[in-house]
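Structural overview for review
One-letter residues, chain by chain:
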Amino acid sequence: MNQPPVPEKIDQGAITDVLDGRWAEVRRMIRDQVAAAEFLESHELDTERHRAQVYEQLAELAASGRQRLGFAAEYGGGDDVGGSLVSFEMLGFGDLSLMVKAGVQWGLFGGAVQLLGTARHHERYLRPIMDLELPGCFAMTETGHGSDVANLRTTATYDPASAEFVVDTPHEAARKDYIGNAARDGRMAVVFAQLVTEGESRGVHAFLVPIRDENGNTAPGVRIEDCGRKAGLNGVDNGRLSFAGVRVPRAALLNAYGDVAVDGTYSSSIESDSRRFFTMLGALIRGRVSVAGSAGNATKRALAIAVRYGEARRQFARPGDPDEVVLLDYRAHQRKLLPALAKTYALHFAQEELVGALHDLSNQGDSAEVDEHRQRELESRAAGVKAFATWHATSSIQTAREACGGAGYLAENVLPALKADTDVFTTFEGDNTVLLQLVAKGLLTSYKDHFEELSPLATARFVAEQFVGTVMERTAARKLIDRLVDAGPGNDDDATLLDRGWQVKAFCDREEHLLDGAAARLRRVSDDDADPFEVFNGAQDHLLHAASAHVERILLEAFVAGVDRCADPAAKALLDKVCDLFVLSTIEADRAWFLEHGRLTSARSKAVVATVNELCAELRPHASILVDAFAIPEQFIAAAPIAAGAERGRQDVMRAHDAAVR
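This paragraph deals with the packing of helix 2 (residues 24-35) against helix 4 (residues 81-90). One can describe the packing of helix 2 onto helix 4 by two numbers: an axis separation of 9 Å at closest approach and a directional angle of 35°. As helix 2 packs across helix 4, the resulting crossing turns out to be right-handed. Contacts from Val 26, Arg 27, Ile 30 and Arg 31 of helix 2 reach helix 4 at Gly 83, Val 86, Ser 87, Glu 89 and Met 90.

Here the focus is the confidence of the model for the chain. Looking at the chain as a whole, its pLDDT mean stands at 87, while 86% of the residues score no less than 70. Low pLDDT (under 50) marks residues 447-454, which in the prediction has 29 contacts with non-local residues, meaning those over four places away or in another chain.

In terms of nonpolar packing, the biggest core is built from 168 residues, with Ile 15, Phe 192 and Tyr 345 touching the most fellow members. With 15 residues, helix 9 (residues 331-362) is the largest single contributor of residues to this core. Other than its neighbours up to four places away in sequence, Tyr 345 contacts Ile 15, Leu 19, Phe 559, Leu 575, Val 578, Leu 626, Ala 629 and Phe 630. One finds Ala 193, Ile 211, Val 222 and Val 260 within the second-largest nonpolar core, a separate group that totals 25 residues.

Quick look at the sheet that holds strand 7 (residues 222-226) now. Taken in spatial order, the three strands line up as 4-8-7 in an open sheet, and their pairing is antiparallel. Both outer strands of the open sheet, strand 4 (176-179) and strand 7, are each paired with one neighbouring strand and no more. If you compare each strand with its neighbour and ignore which way they point, the axes differ by 20° on average. Across two bridges, the pairing between strand 4 and strand 8 (residues 239-243) is antiparallel. Considered in strand 8, the bridge of Ile 179 is made with Gly 239.

One pass over the structure, following the stated rule, counts ten aromatic pairs. Between Tyr 345 and Phe 630, the aromatic rings sit 5.1 Å apart at their centres with planes inclined by 40°, giving tilted as the arrangement. Of the two residues, Tyr 345 is situated in helix 9 and Phe 630 in the loop between helix 21 (623-628) and helix 22 (634-638); the sequence distance between them amounts to 285 residues. Considered together, Tyr 345 and Phe 630 belong to a single accessibility category, that of buried residues. With a centroid separation of 6.3 Å and 35° between ring planes, the pair formed by Phe 559 and Phe 582 is classed as tilted. In this pair, Phe 559 sits in helix 17 (residues 540-564) while Phe 582 sits in helix 18 (residues 569-589), placing the two residues 23 residues apart along the sequence. With relative accessibility at 0%, the residue Phe 559 sits in the buried group.

This part is about the pairing of strand 2 (residues 155-159). When a strand is regular, its side chains alternate between the sheet's two faces. Of the two faces of strand 2, only the one carrying Ala 156 and Tyr 158 is buried; Thr 155, Thr 157 and Asp 159 on the other face are not. Sheet analysis places strand 2 next to strand 3 (residues 164-168), joined by five bridges and oriented antiparallel. Looking at strand 3, one finds that Thr 157 is bridged to Val 166. Counting the residues between successive antiparallel strands, the hairpin from strand 2 to strand 3 contains four residues, one of them, Ala 163, with a positive phi of roughly 55°.

What follows is about the pattern of salt bridges. Taken as a whole, this structure holds 39 salt bridges when the rule is applied. One continuous salt-bridge network, built from bridges that share partners, spans Glu 172, Arg 175, Asp 177, Arg 223, Glu 225 and Arg 240.

Taking 1.5 Å of rise per residue, 18 residues should cover 26 Å, and helix 3 (residues 47-64) covers 26 Å from first to last C-alpha, within 8% of that figure. Listed as buried for helix 3 are Thr 47, His 50, Arg 51, Gln 53, Val 54, Gln 57, Leu 58, Leu 61 and Ala 62. Where helix 3 is buried, its residues meet helix 5 (96-116), helix 6 (119-130) and strand 7. Positive phi shows up at Gly 65, right after helix 3, with a value of about 85°.

Calculation notes
- Residues numbered from 1 in each chain as written.
- Predicted model: local features only at pLDDT ≥ 70, side-chain atom pairs only at ≥ 80, totals over all residues.
- Heavy atoms only, no water.
- Axes fitted to C-alpha atoms, helices over the stretch in contact; angles between N-to-C directions.
- Helix = DSSP H or I, 4+ residues; strand = E, 2+ residues; numbered from the N terminus.
- Left-handed = near helix turned anticlockwise from the far one by under 90°.
- Contact = heavy atoms within 4.5 Å.
- pLDDT = per-residue confidence, 0-100.
- Core = buried A, V, L, I, M, F, W, Y, C linked by side-chain atoms within 4.5 Å.
- Buried < 20%, exposed > 50% of the residue type's maximum accessible area, 1.4 Å probe, protein only.
- Pairing = 2+ DSSP bridges.
- Phe/Tyr/Trp six-rings, centres within 6.5 Å; stacked < 30°, edge-to-face > 60°.
- Salt bridge = Lys/Arg side-chain N within 4 Å of Asp/Glu carboxyl O.
- Expected span 1.5 Å × (residues − 1).

If you want it as structure tokens, here you go:
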């Protein structure tokens, strides 16, 4: 009987410790709480029962106090932004409807009140928001405007005679759409609208608008519609909101960045309307970070199920051998799952760095110039990591589903729900393609004191007026990276593909070359005959490639820093191999660029493919350790019968092996 080689003894806990990182205690606490609670799978529930179940679970979260972590201590919070984000991220292992519902209530609705409001809002609303006494919504997206937030059409016109704002939906395209918590549970919404006072529009601002009373009756002038059943996330009550002359008091304006006096005079500490707008949006990136982390955990769950199944399921026999071959012993199966697993590790370490950076910046207090620069870098990194994490979830969960064959298509085995629930992650909290364009713009403008509008035309105009230079964002791992590069081979031809210094240089060189090329293409807008919009539009493919290269370099540096933190030699060696697989599978996917630009010879390009195969073979015996190290609460894996059965089979094999050794 042919068995896969028994893995070398590696302390799985040492890998978990590295993955748990700075907020290890929060992760352990949540695992303990989950282990003591009953997990209810939702795939057989109808929409109303699913919504009711999720709201009940939301109330249990509120009672646990975990939702308080990210709020200010003076209002009963924990002053722990990082811990709050990790707490949301951990919800990604379970029903993603609960994660989204919690994110709407405490991340988006509560976060907007905390970050865009002032003391009068904090004192009145934060405690009931934290305790779920005031369920709320985040009403930004409109039917006609999703990513283009600056051009939302809802209006809030100030009436000095009554000291009220009048909120209106001028036409159907201005209807607030896909709003979580709106269809069933929400009683108040943070509504983003064009603020109009003294006959002048001052851009998009946020307002607190009641949409239901305490008995659930719709507020006067408010129209609420149910979006109905969706492809996934049906435990979230998405709805549509429209307003017809809805009056709210002057104090309903969340006025941290702009205010209106009783007589209608507008004032703001930020003179530029566009700069003020982007400062407001920048304060709300926690939702984007939470989505990235939750997508990562959903991916881990899918890969854990697929790896367990791949280690137990047998198919076809070797010639002359009556025993069928374990799926994960096939190279094609390894290539499906192991590069995806390696990238999942890279994204985990990048997410950990991102959460840490956001936490540290949130504790800096009010801005100095250096903090504004860091804020721009953080926004860019959050956009890039969110795009990559959610695209990776979509592709990896599909791969895991295929790797489990027909069993993976059964609702009881979780993967179809994970696929459906994460699909929308690529377009909410920012469409991924738009987010990557923002990453590229940030790099090309060197994060100077300029907050250009989101439109391609505005960016093109800026390029025409400024010298466009590229920057290399310095991550937390920069000193370590510089040492690796300095110690690397001087000649690419002499470098081994597994030399970390060569790998880092390859990623950095690609990023710099792509950014320089994008800048050169955009500079053509200064030509007399050039159409600024067409120049920018024609360079979008180049900009997206440059942004992707930048994010992949960030992932690599985060991975290198994560490996460096591992104190256990055997675990560190295993993580080094996983990092190698991430790097070379990334280069393999972009071999066309490396070949076209002379960074790889034909022979070395073929060697990349061969080395990826070798790494898959070397990591195959450790696949279980690598997914088990995620420390996913067992009930979330056991919820899939194919994973639960596979685990029992694996334990039987290991017990038989141990008995034979004895």
